[in-house]
Amino acid sequence: MTDHEIDIAVEDARWDEAVPDLEAFVIRAVEAGLASLPEAGGGPVEVSVLLADDATVQGLNRTWRGKDKPTNVLSFPAAEQPLQPGMARPLGDVVLAYDTMLRESTEQSKPLEHHLAHLLVHGTLHLLGQDHETGEAEADAMEALEIAALSTLGIPNPYEE
């Protein structure tokens with residue numbers, strides 16, 4: 001157990017049936033992402049996870065990224081702010097779209113639990129400053145972190161066929 005605070009909000013009831021013990025599953029996946037880059041966390045952090053539907057994610061994607069379409073996961077890093085002693089540092093929010101996640105796991109012939117864990121790790125790494133869109137080296141580095149984090153959960157490399 002860590003000192004991290006992981007807050008989970010389920011906006012779409014379909015998430016409750018996605019995996020057994022959803023809350024514990026989400027916490028383990030986010031913590032695996034955090035553990036893959038412990039130096040980036042800088043002590044206890046707070047991560048908020050919103051489990052939503054495509055419409056919600058499409059609205060957020062349109063508002064914050066100018067892309068009027070749903071996507072599997074969005075990450076919103078928190079702004080730096082002064083902390084009270086003993087408080088976890090807010091790291092940011094990870095938002096997942098149920099419909100897109102389910103469709104992708106089916107299309108990729110991956111167990112839903114594996115794809116969900118991958119998206120949670122991926123989103124968490126974005127909160128830690130990782131980026132796969134700035135260049136091939138950064139993408140390769142982020143993929144390596146994802147693979148390592150997922151392996152701690154017993155999940156195989158998501159990038160292999």
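Since the structure is predicted, the reported quantities are computational estimates derived from the model, not experimental observations.

## Things to note about the overall build of the protein
So, point 1. Secondary structure assignment for the protein yields six helices and four strands.
So, point 2. Beginning at the N terminus, the succession of helices and strands in the protein can be written as β-α-α-β-α-β-β-α-α-α.
So, point 3. Whereas a compact globule of 161 residues would reach a radius of gyration of roughly 15 Å, the protein reaches 15 Å, a difference of no more than 12%.
So, point 4. Principal axes of the C-alpha set define a box for the protein whose edges measure 45 × 35 × 30 Å.
So, point 5. Looking at the 161 residues of the protein, the share that counts as buried comes to 42%.
So, point 6. Summed over all atoms, the accessible surface of the protein reaches about 8500 Å², with 51% contributed by carbon and sulfur.
So, point 7. Positive and negative side-chain charges in the protein, numbering 9 and 30 respectively, have mean positions lying 7 Å apart.

## Brief notes about the pairing of strand E4 (residues 89-97)
So, point 1. With seven of nine residues buried, E4 lies mostly within the body of the structure.
So, point 2. Sheet analysis places strand E2 (residues 45-52) next to E4, joined by eight bridges and oriented parallel. Among the inter-strand pairings, Leu 50 is bridged to a residue of E4, identified as Val 95.
So, point 3. Alignment of strand E3 (residues 73-77) against E4, held across five bridges, turns out to be antiparallel. Residue pairing for E4: Val 73 is matched across the bridge by Leu 96.

## With respect to unusual backbone geometry
So, point 1. If you check the backbone angles, Asp 21 has positive phi at about 50° while not being a glycine.
So, point 2. By the secondary structure assignment, Asp 21 is in the loop between strand E1 (5-10) and helix H1 (22-35).
So, point 3. Positive phi is not limited to glycine here, since Ser 109 has a value of about 50°.
So, point 4. On the secondary structure map, Ser 109 appears in the loop between helix H4 (98-107) and helix H5 (112-127).
So, point 5. Since its relative accessible area comes to 66%, Ser 109 is described here as exposed.

## A look at the UniProt feature "binding site: Zn(2+)" (unreviewed entry) in the protein
So, point 1. If you check UniProt for "binding site: Zn(2+)" (unreviewed entry), the listed places come out as His 122, His 126 and His 132 in our numbering. Residues that both appear in the annotated list above and line the largest pocket are His 122, His 126 and His 132.
So, point 2. Looking at the element boundaries, His 122 is found in helix H5.
So, point 3. Not counting residues within four places of it along the chain, the set of residues in contact with His 122 comprises Val 73, His 132, Met 142 and Glu 146.
So, point 4. By the secondary structure assignment, His 126 is in helix H5.
So, point 5. Non-local contacts of His 126, meaning those with residues more than four positions away in its chain, are made with Ser 75, Pro 77, Asp 131, His 132 and Met 142.

## Quick notes on H1
So, point 1. The terminal C-alpha atoms of H1 lie 20 Å apart, and with 14 residues this matches the ideal 20 Å at 1.5 Å per residue to within 8%.
So, point 2. Every buried residue of H1 is listed here: Leu 22, Phe 25, Val 26, Ala 29, Val 30, Glu 31, Ala 32, Gly 33 and Leu 34.

Here is what the cut-offs are and how they apply
Residues numbered from 1 in each chain as written. Predicted model: local features only at pLDDT ≥ 70, side-chain atom pairs only at ≥ 80, totals over all residues. Heavy atoms only, no water. Helix = DSSP H or I, 4+ residues; strand = E, 2+ residues; numbered from the N terminus. Rg over C-alpha atoms; globule rule 2.2 N^0.38 Å. Buried < 20%, exposed > 50% of the residue type's maximum accessible area, 1.4 Å probe, protein only. Areas by Shrake-Rupley, 256 points an atom, 1.4 Å probe, with all protein chains shown as cover. Lys, Arg positive; Asp, Glu negative; His and termini not counted. Charge placed at Lys NZ, Arg CZ, Asp CG, Glu CD. Pairing = 2+ DSSP bridges. UniProt positions renumbered as here; feature names shortened; annotations may be inferred. 1 Å grid on protein atoms, 1.4 Å probe; cavity = no way out; pocket = protein on both sides within 12 Å on 5 of 7 lines; lining within 4 Å. Contact = heavy atoms within 4.5 Å. Expected span 1.5 Å × (residues − 1).

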